[in-house]
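Residues per chain, in single letters:
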Amino acid sequence: MRVMIDKILRILNEEIVPAEGCTEPIALAYIGSKLTSILGGVPEKIEIALSGNLIKNVKSVKIPNSEGMVGIEASVALGTILGDSKKELMVISNVDKSRLNEVKEYLDNKKVVATKIDGDVKLHMRATGVLGQDTVTIEIKDYHTNIVKIEKNGEIIKGASCDEVVTGDMMTDKSFLTVELIHDLAKTIDLDLIAPIFEKVIAYNSAIANEGLKNDYGISMGKSLYEGMQEGVYGKDLKNKIVSFASAGSDARMNGCSMPVMTTSGSGNQGMSASLPVIKYCEEKGLTHEQLIRGLFFSHLTTIHIKSNVGRLSAYCGVVCAGGGVAGALAFLDGMPLDRIDAAIETTLATLSGMLCDGAKSSCATKIASSIGMAFDSYYLSKKKKNFEYGEGIVGKDVEATLANVKVLAHEGLRQTDEVILEIMLNN
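My aim in this report is to walk through the structure given alongside it, one point at a time. (Residues numbered from 1 in each chain as written. Predicted model: local features only at pLDDT ≥ 70, side-chain atom pairs only at ≥ 80, totals over all residues. Heavy atoms only, no water.)

This part covers the overall build of the protein chain. Looking only at helices and strands, the protein chain features 16 helices and eight strands. Compactness check: the protein chain gives a C-alpha radius of gyration of 21 Å against a globular reference of 22 Å for 428 residues, within 12% of the reference. Seen through its C-alpha atoms, the protein chain measures out along the principal axes to roughly 70 × 50 × 45 Å. Per-residue burial for the protein chain yields a buried fraction of 57% across its 428 residues. A fraction of 76% describes how many contacts in the protein chain between residues 6 or more apart in sequence connect residues 24 or more apart. Separation between the mean location of the 46 positive side-chain charges and that of the 54 negative ones in the protein chain comes to 2 Å. (Helix = DSSP H or I, 4+ residues; strand = E, 2+ residues; numbered from the N terminus. Rg over C-alpha atoms; globule rule 2.2 N^0.38 Å. Buried < 20%, exposed > 50% of the residue type's maximum accessible area, 1.4 Å probe, protein only. Contact = heavy atoms within 4.5 Å. Lys, Arg positive; Asp, Glu negative; His and termini not counted. Charge placed at Lys NZ, Arg CZ, Asp CG, Glu CD.)

Here is the structure:
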């Protein structure tokens, strides 16, 4: 059992990490900052090639601490000139805004040239920077800071430290995860082992959600719903409260707010979606702090389990995975048996699995609202012993079979959809 617990803790520490800004533009800022670090100065020019899914998620989202900049070139340039690669996904958390004119000049002079990488790897980027007589190429695959290759002047750099070069194979295997295992661990795991992780989740993600409720960001889905509750347009019920809280965080994050979040499965939106509804539910229900931590453990680890079937980047919207995790967590916190928890997860996934990812932007907040609203409905339906039956759509003979069907849908069914979405976005 100790070996199992150690693996679970490794997964949590790998997948639930702090990040400032949408993780895809931040990953581009990170690779730019690494070029500067290895070259010993800002490159005279940079060529960045990236996969279609990265292009999709960088195209429209605002970069924090940039005064509203968007896009591939701006992300790379900001990290290259003002980033700190040692901070990884917090790479541009403390930029000197008085130097943003240097970034704008770098962009005006077309120092960054972007192209598309063709291939099956959904998260893939390769950046080459030149400074004087030196040329450095850095390649990242599968995970946002997963550097698989550093080459300088034609030679592979050998002495890179483990925290600088992490291959996908070094990530902890998740194939052993099941909803039943997660359920059992959520009830029994030593609270002291998981509390430090989820205390950060509560603090970081609640702070940005409250920011989104107070100020206008993007479409202001969360704030508008909250105001509608005060005005009597919407009822002040538990469902609307958790939906408002969750979507407000995304409103802020997708529209340039510089506050950090705790991510899940490489995504801040998934991290907020998996946590904020559980936090608000426990607050409204008056549940104990221990119940909150255990509920967050269930929600995040279930989200990780579902997302590991889907893949890091896909046309399958990632907050649907979090919706499944939340539906199960609410049922878990309500004391429902495992079969009803499974049903809540399956109803969410069977309803929402057609929701598509068309890039990171303001609409992520509205998709979170839809996902978390359905998660709450699925939880309540399951409490009433209502659920879909085996064979209805993608519903399998049990929850793990349904997750296997989600995997086929995401990888095979939506492959061409992903290409069509990217083509539409590039031609807009």
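Let us look at unusual backbone geometry. Here the phi dihedral of Asn65 falls at roughly 60°; this positive angle occurs in a residue that is not glycine. By the secondary structure assignment, Asn65 is in the loop between α3 (52–58) and α4 (72–82). Positive phi outside glycine occurs at Glu88, with the angle close to 50°. Along the chain, the position of Glu88 falls in the loop between α4 and α5 (100–108).

For the rest of this paragraph, the subject is the environment of Met229. Residue position: Met229 is located in helix α8 (residues 221–231). We classify Met229 as buried; its relative accessible area is 4%.

Tallied over the full model, the rule gives three aromatic pairs. Centroid distance Tyr281 to Tyr379: 6.0 Å. Interplanar angle 90°. Geometry classified as edge-to-face. Of this pair, Tyr281 sits in helix α10 (residues 268–285) while Tyr379 sits in helix α14 (residues 363–383), and the two are 98 residues apart along the sequence. The same class applies to Tyr281 and to Tyr379, which are both buried. Here the aromatic rings of Phe376 and Tyr379 are separated by 5.5 Å at their centres, their planes lie at 75°, and the arrangement is edge-to-face. Residue Phe376 and its partner Tyr379 are located together in helix α14, separated by three residues, close to a single helical turn. Within the aromatic cluster, the residues linked to one another by ring pairs are Tyr281, Phe376 and Tyr379. Just above the ring of Phe245 sits the side chain of Lys280; from NZ or CZ to the centre is 4.6 Å. (Phe/Tyr/Trp six-rings, centres within 6.5 Å; stacked < 30°, edge-to-face > 60°. Lys NZ or Arg CZ within 6 Å of the ring centre and 35° of its normal.)

In summary, soluble globular proteins display a tendency toward joint burial of nonpolar side chains. Residues Leu12, Phe198, Phe297, Leu301 and Tyr316 are the most contacted members of the largest nonpolar core, which totals 83 residues. At 10 residues, helix α12 (residues 318–333) tops the list of elements feeding residues into this core. The contacts of Leu12, once residues within four sequence positions are left out, are Ile194, Ile197, Phe198, Phe297, Leu301 and Ile304. Within the second largest apolar cluster, 43 residues are counted, among which are Ile26, Ala74, Ile140 and Ile150. (Core = buried A, V, L, I, M, F, W, Y, C linked by side-chain atoms within 4.5 Å.)

Right, let's get into helix α11 (residues 289–310). With 22 residues, α11 ought to run about 32 Å at 1.5 Å a step, and its terminal C-alpha atoms sit 31 Å apart, in line with that. Burial analysis of α11 places 18 of its 22 residues in the buried class, which makes it a mostly covered element. A positive backbone phi angle near 105° is found at Gly311, which sits one or two residues after α11. (Expected span 1.5 Å × (residues − 1).)

Taken in spatial order, the six strands of this open sheet run β3-β2-β4-β5-β6-β7, and their pairing is mixed. The open sheet has two edge strands with one neighbour each: β3 (112–117) and β7 (155–156). Note: strand β6 (residues 147–152) against β7, two bridges, orientation antiparallel. Of the residues in β7, the one forming a bridge with Lys152 is Glu155. (Pairing = 2+ DSSP bridges.)

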